[in-house]
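Here's the letter readout for the chains.
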Amino acid sequence: MLQIHHLEPMHWAIAGATIAGVTLVLQAIGRRSLGLSSGLEDLCSLASDNPVFAHTAAEGRAWRLPFLAGLVLGGVASVALAGEWQALWRVEPLDSFANFSMPAKVTWLFIGGTCTGFGVRLACGCTSGHGIFGMSRLQPSSIKSTLAFMAVGTVFSNLMYRAVWG
Amino acid sequence: MTTLYLVLGAIFGFALSRSGAADFGTVQGMFLLQDFQLYGIIGVAVALTMPGLWWLKRGGHVLASKPSHPGNLVGGALFGIGWAMTGMCPGPIFVNLGEGKLYAIPVLAGALFGTWLYGRTRSRLAGPLQLPSMSEPAVPSETLPRQA
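Residues numbered from 1 in each chain as written. Chains lettered and ligands numbered in written order. Predicted model: local features only at pLDDT ≥ 70, side-chain atom pairs only at ≥ 80, totals over all residues. Heavy atoms only, no water.

Caption draft 1: Representation of the interface of chain A and chain B. Each side of the interface is counted separately: chain A has 115 residues, and chain B has 108 residues. Contact between chain A and chain B buries roughly 9800 Å² in total, counting both sides, with carbon and sulfur atoms accounting for 75%. In this assembly, chain A and chain B are joined by zero salt bridges. Along the contact surface separating chain A from chain B lie 29 residue pairs in polar contact (both at pLDDT 80 or more). Elements with a contribution of two residues or more to the side of chain A that touches chain B: helix 1 (12-30), helix 2 (38-45), helix 3 (51-82), helix 5 (102-123), helix 6 (127-136) and helix 7 (140-164) of chain A. A breakdown of the residues in the side of chain A that touches chain B according to their chemical character gives 70 nonpolar, 35 polar and ten charged. (Contact = heavy atoms within 4.5 Å. Buried area = accessible area lost by both parts, 1.4 Å probe. Salt bridge = Lys/Arg side-chain N within 4 Å of Asp/Glu carboxyl O. Polar contact = N/O pair within 3.5 Å; in protein donor to acceptor, adjacent residues only side chain to side chain. Helix = DSSP H or I, 4+ residues; strand = E, 2+ residues; numbered from the N terminus. Nonpolar A, V, L, I, M, F, W, Y, C, P; charged D, E, K, R; others polar.)

So, in structure tokens, the structure goes:
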């Protein structure tokens, strides 16, 4: 069951087909390769003139930033169409397992976000660019990255939820 | 075209939201090997994108490749920890914000800080991790639409 309004999740085959459809339309019409984590660099490029971010900023402003805005809208629509839109702070199973104080929870999420931001840019891609687009092309860099994040995430979650907090 | 990208993003975000790809518990279910949902989603997405891209390439699309380097593994491993800690990969951070999940705010702040840190340290990491040169254009011209 999903956290939002306790909805039953959409079937995985329909969700997978939708993701493939968007990826292919993006390539067929826009000639853009799906990859969302570069969008984090595009956001940084709005406030920093670091050449690392400037390198891809023009492409980012052309399509990734509008696409990221669409992701936010998609989230709003998903909740609003299922019932009332409301702010959520509770997150399960993290809250009941970790029993964090408020500052500890914010710190945990911030550090996790930092690992994600640094990691995806060092890897040159995330679940979308490597996991879906790159894996679909059997690109070696994508196979390596995807195996790395799936394996390490699996080990880390099992360590925390079964050994440390379990 | 901006509208097209906005609409594609909204469809993508809606699917991530309703399928559990942006749901903390579903992501942990994947990592704890208790829930097939996300393996099914990624598997079907790859299985359908693969023939689609093959067909587009036959029709003349040139796709830019991402070179292989040790940063793929090191960065991928760090991202694995980040994804397991926060229950969201980069796309779902934005979906979660739209859904009203306030706990995505510190995650986004961290992700931007991590990206900024990468930008600051890239030149020092480029040697040991054999990162690709930035002298090439970000989007190779042959991948863009041919001029009529």
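There is more to say, and it comes next.
Caption draft 2: Here's a closer look at the packing of aromatic side chains. What the rule picks out here adds up to 17 aromatic pairs over all chains. Their ring planes at 55° and their centres at 5.3 Å tell us that Trp108 of chain A and Trp165 of chain A sit as a pair that is tilted. Here Trp108 of chain A, found in helix 5, pairs with Trp165 of chain A, found in the segment after helix 7; they are 57 residues apart in sequence, far enough to count as distant. Look at Trp165 of chain A and you get buried, because its relative accessible area is 18%. Arranged with centres 5.2 Å apart and planes meeting at 80°, the rings of Phe31 of chain B and Trp83 of chain B form a pair that is edge-to-face. Here the residue Phe31 of chain B occupies a position in helix 2 (residues 24-31), and Trp83 of chain B occupies one in helix 4 (residues 71-86), the gap between them amounting to 52 residues. Looking at Phe31 of chain B, the relative accessible area reads 0%, which means it is buried. Grouped by ring-pair contacts, the aromatic residues Phe97, Phe100, Trp108, Phe156, Tyr161 and Trp165 of chain A constitute a single cluster. It is Lys105 of chain A that lies over the ring of Trp89 of chain A; its NZ or CZ is 4.4 Å from the centre. (Phe/Tyr/Trp six-rings, centres within 6.5 Å; stacked < 30°, edge-to-face > 60°. Buried < 20%, exposed > 50% of the residue type's maximum accessible area, 1.4 Å probe, protein only. Lys NZ or Arg CZ within 6 Å of the ring centre and 35° of its normal.)

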